[in-house]
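Per-entry structural report
For reference, the chains in residue letters:
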Amino acid sequence: MTPQICTLLLLMSAMLAAQTTATLKGRLLDPNGGAVAGADVRLENLLTSYRAEARSDGNGEFRFTNVPFRDYLLIVEKSGFEAARRTVPLRNNVAQEVEVRLNVGAVRERINVSAVEATAELLDVAQTGTRTALSLSAIERMPVAIGTRGLETVIASFPGFAVNANGAIHPRGAHNQMTYVIDGLPINDQLTGSFASSLEPNIVQSIELFTGNVPAEYGSKVSGVASITTKTGVGTGRRFGGSTEVSAAGFDALGNVTQVAGESGRLGYFGSVFTVKSNRFLDQVSLDNLQNGGNSERGYARLDYQISDRDVLRFQSMAGRSSFQLANLRSQHASGQDQRQLLQDAAFWTGWVRTLSPSATFDMVAAYRTSIAQLFSSPGDTPVTADQARHLSTSTVAANLNVVRGAHTVRGGVIWQHIPLSEDFSFGITDPSYNDPESEDFRESLLPFDLSRGGGRFYFSEKNRGNFYGVHLQDTIKAGRFTFALGARYDAYRFLVNGYQFQPRLGLSYFLRESGTVLRASYNRNYQTPPNENLLLSSSEQAAVLAPQSVREALGRVAVRIRPERQDVFEVGLQQSLFSRASVNLSYYHKRSTDQQDNDNFLNTGVIFPLTLSRIRVNGAEARLTIPTIRRVSGSLSMTHYRAISTPPFTGGLFLSQGAVDLLAAGPFVIDHDQTFGMQANIFYTAPKWIWASTTIRHDSGLVVNPSDPAEVANDPDFSDLLPYVRLNQTPARADARTITDVAIGFARSSEGRRHWDAQFQVTNLFDRTAVYNFQSIFVGTRLVQPRTLGVKLRWYF
């Protein structure tokens, strides 16, 4: 990062901040109007398992900050008074104030949510699209494997996702067009384990996921938007505190997470350091798990400062590093291949929230994020040797105005992003049988780069920079039983190609109070910008000349630059309360897109090259059953089905295999992230004292794999033992169905409201099911599911 950028960020930290969470302030009074001190106050949401606690001070005042946008149940309890409760809608960052009068009672009553109240609490009556959420209490008790892909595992528990290798998740038939918004910082880059240092779930307070009727404030990549609220030191009530956790698991995995948090006056702070090493860093490419070690380190810091009663300042930073080997096939291991990859990233963002009036706020955010990816070759590489150095940076400035007036909640704003990108890449063929001139699959365009036949390396080096501009306006209107979400967005993309799009984002819902039903429908026009990873090479003439003559003739020219994807998305759905004990959320959607975006994987290396296909059509249905705690058991069940059909021709990518080119140049085909059925059940049990248990059961019917010839696979020592786990004789060919069960049991010790220590024992893939995510795929290669692995976590609090 240049000194000029550092200076710019430091200057901005004095004047800018952003806030994507709500604040609730309140005062407790007795029947005579006197302050009630020392009362216990709770803020809860049954759907997300969110729970926050506070105690009123000498003036009867309490405060909740960092609260994700939703409706909540406020519960107040104090000895000598009747308990009080009320529903509080927190839908924007305009601080809300409440006054609660407590009635004198003979005894203290402890409140449990009644059946009538539970019906309302189990529904989000303002929801006009598919939206799900989880809070810290649920995330901490999920049996997430020790490693570097915890956050993706949490998100995959929501409906609408198919799971792929190395933490990749496919939202609603898209490859990986996700935006992660971390306390107002939008990250559009791919964050899966082989492309970047993944986010650590230990810093997360809550996750809210949008996959249907995405609000107009979100742009660029919106097949799924994960809005993440991180932990804060504000409200801890301590100057200094924290925890340290050590973990160990199979494949020699070791990890540590150390966190500190506290507050003093108007200042709150939180920091976290995470480290992990494993001999199964990425998902293995064969049953042997060869050459697959790695380590990762990540740090995060957050400062909150209340400048005045009307101004809040926040500064945040995070950085990560991952260094790992690239898993080998048997033939590569025998040849001595030792390819390695190094990923580094850092981000700094800051801002300011200004309360303009009791019903309006203005917020801004300024951010800088940079990432570096390097691939290192080795002397024994086969069938191809390759090196890469890629540097991607994104500078962001955004501003928003929020106004609440009667039935209207209005949010409007602008965003600008500047994106410098540099790429260096080279490769050469080392195996004489890979592109044999005597083979029917021989490609003459690769012959100059065949090192085994006297050729030289292919070299590419280029720098470029682009800009992205967006403006949005959304009004959420409450009108009796109706909720209208009327949004619009305009984006302009200026990079290798120039484009723009006006995007209506429209939705409505209707609440049938008598039956506990919420009906909804929406239409979204989306404009998804191309992936930035290796975008320059994929759009270049150097890469295009590697394509066969038939492909170049179909395109009409040598190189076609990758364009943004344009989508039309229609959705209908409903929420239904079930006997005041549970709720179900159903949705059906249809998506049609032009210039569909995808990636191809360069020979299992994890290096990706973006490509586009002419269009894609996706139809899908989803369901989520949520069961709040009933006799100490709670849980959820998510189910997903979608059908994704892509149509050539394609542009971009870096394909060395003639078979891959033939497939992408053929007629409409089922894309590799199509899956007939996916299901995940999360079950939690809390014992009367200090023991808890959880299990996750995930079933996947199987992604589409490469239509390989079974006879050829049977004679290939690299892949022959994987034949039982793929269905190559059906159309389309698919990975075999799998059901994976993970379990965890935990122990927690606390006293007087303070935690002392906790321990967790877990088993990943309890029944040791052997399965593949994908097989010889032109998009992601071959990857296997993690075998049974035992792990333990121990955490101490200070």
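Residues numbered from 1 in each chain as written. Predicted model: local features only at pLDDT ≥ 70, side-chain atom pairs only at ≥ 80, totals over all residues. Heavy atoms only, no water.

1. Considering the sheet that holds strand E12 (residues 185–187)
The five strands are arranged E8-E13-E14-E11-E12 in an open sheet whose pairing can be described as mixed. Of all the strands in the sheet, just strand E8 (131–135) and E12 have a single pairing partner and so form its edges. Across the sheet, the mean angle separating the axes of adjacent strands is 20 degrees when strand polarity is ignored. Here strand E11 (residues 178–182) pairs with strand E14 (residues 224–230) via five bridges, running parallel. Across the sheet, Val181 pairs through a bridge with Ser227, a residue of E14. (Pairing = 2+ DSSP bridges. Helix = DSSP H or I, 4+ residues; strand = E, 2+ residues; numbered from the N terminus. Axes fitted to C-alpha atoms, helices over the stretch in contact; angles between N-to-C directions.)

2. So, the nonpolar core
A general trend in soluble globular proteins is that nonpolar side chains are found buried together. Counting residues in each nonpolar core, the largest one holds 76 residues, and the members touching the most others are Ile155, Tyr180, Met318, Trp349 and Phe427. One finds Ala39, Ala52, Tyr72 and Leu90 within the second-largest nonpolar core, a separate group that totals 24 residues. (Core = buried A, V, L, I, M, F, W, Y, C linked by side-chain atoms within 4.5 Å. Buried < 20%, exposed > 50% of the residue type's maximum accessible area, 1.4 Å probe, protein only.)

3. Brief notes about the pairing of strand E22 (residues 384–405)
Across 16 bridges, strand E21 (residues 360–376) lies against E22 in antiparallel orientation. The partner of Ser371 across the bridge, within E22, is Leu392. With 20 bridges connecting them, E22 and strand E23 (residues 408–429) associate as antiparallel partners. Note on E23: the bridge partner recorded for Val403 is Val410.

4. Some remarks on unusual backbone geometry
Cis geometry is adopted by the peptide bond preceding Pro383, which originates at Thr382 and carries an omega value of 0 degrees. Inspection of the secondary structure assignment puts Pro383 in the loop between E21 and E22. Each neighbour pair has its own omega, and for Thr731 with Pro732 the value is -5 degrees, a cis peptide bond. Secondary-structure assignment places Pro732 in the loop between strand E35 (726–727) and strand E36 (734–735). Unlike most non-glycine residues, Phe579 shows phi in positive territory, near 55 degrees. Position of Phe579 relative to the elements: it lies in the loop between strand E28 (565–578) and strand E29 (582–601). The phi dihedral of Gln776 falls on the positive side, at around 50 degrees, and the residue is not glycine. Relative to the assigned elements, Gln776 resides in strand E39 (residues 772–777).

5. Re the sheet that holds strand E7 (residues 96–101)
As summarised here, the arrangement of the three strands in space is E4-E1-E7, forming an open sheet in which the pairing is mixed. Both outer strands of the open sheet, strand E4 (61–67) and E7, are each paired with one neighbouring strand and no more. On average, each strand axis in the sheet is inclined to that of its neighbour by 20 degrees, with strand direction left out of account. Pairing of strand E1 (residues 22–29) with E7 involves six bridges; the strand directions are parallel. Each bridged residue has a counterpart across the sheet, and for Leu24 the counterpart in E7 is Gln96.

6. Side note on the packing of aromatic side chains
Evaluation of the coordinates by the stated rule reveals 19 aromatic pairs. Geometry around Tyr589 places Arg172 over its ring, the cationic atom sitting 4.1 Å from the centre. (Phe/Tyr/Trp six-rings, centres within 6.5 Å; stacked < 30°, edge-to-face > 60°. Lys NZ or Arg CZ within 6 Å of the ring centre and 35° of its normal.)

7. Details of a nonpolar patch on the surface
Together, Val246, Trp690, Ile691, Ile745, Trp757, Phe761, Leu794 and Trp796 make up a nonpolar patch on the protein surface, roughly 670 Å² of accessible area in all. Sorting the residues of the nonpolar patch by element identifies strand E38 (754–764) and strand E41 (789–797) as the ones contributing at least two each. Inspection of the secondary structure assignment puts Trp690 in the loop between strand E33 (675–686) and strand E34 (691–700). On the accessibility criterion, Trp690 (32% relative accessible area) is partly exposed. (Patch = residues over 30% accessible without salt bridge, like charges linked within 9 Å, V, L, I, M, F, W, Y side chains within 5 Å. Areas by Shrake-Rupley, 256 points an atom, 1.4 Å probe, with all protein chains shown as cover. Salt bridge = Lys/Arg side-chain N within 4 Å of Asp/Glu carboxyl O.)

8. Describing the pairing of strand E24 (residues 458–479)
Here 20 bridges tie E23 to E24, and the two strands are oriented antiparallel to one another. In the strand pairing of E24, Val414 is matched with Val471. Pairing of E24 with strand E25 (residues 482–494) involves 13 bridges; the strand directions are antiparallel. Bridged to Ile477 within E25 is Phe484. Hairpin geometry of E24 and E25 is characterised by an intervening segment of two residues between the two adjacent antiparallel strands and by a positive phi of about 65 degrees at Gly480.

9. Comments concerning the side chain of Gln596
With respect to the helices, strands and loops of the structure, Gln596 is situated in strand E29. With near-sequence residues (within four places) excluded, Gln596 lies in contact with Glu565, Leu611, Thr612, Leu613, Ser614, Arg615, Ile616, Ser646, Ile671 and His673. (Contact = heavy atoms within 4.5 Å.)

10. Digging into the pattern of salt bridges
On inspection of all chains with the given rule, the structure shows 40 salt bridges. Glu77 is paired through a salt bridge with Arg42; the nearest N and O atoms lie 3.0 Å apart. One end of the pair, Glu77, is in strand E5 (residues 70–77); the other, Arg42, is in strand E2 (residues 40–45), with 35 residues separating them in the sequence. Judged by its relative accessible area of 7%, Arg42 falls in the buried class.

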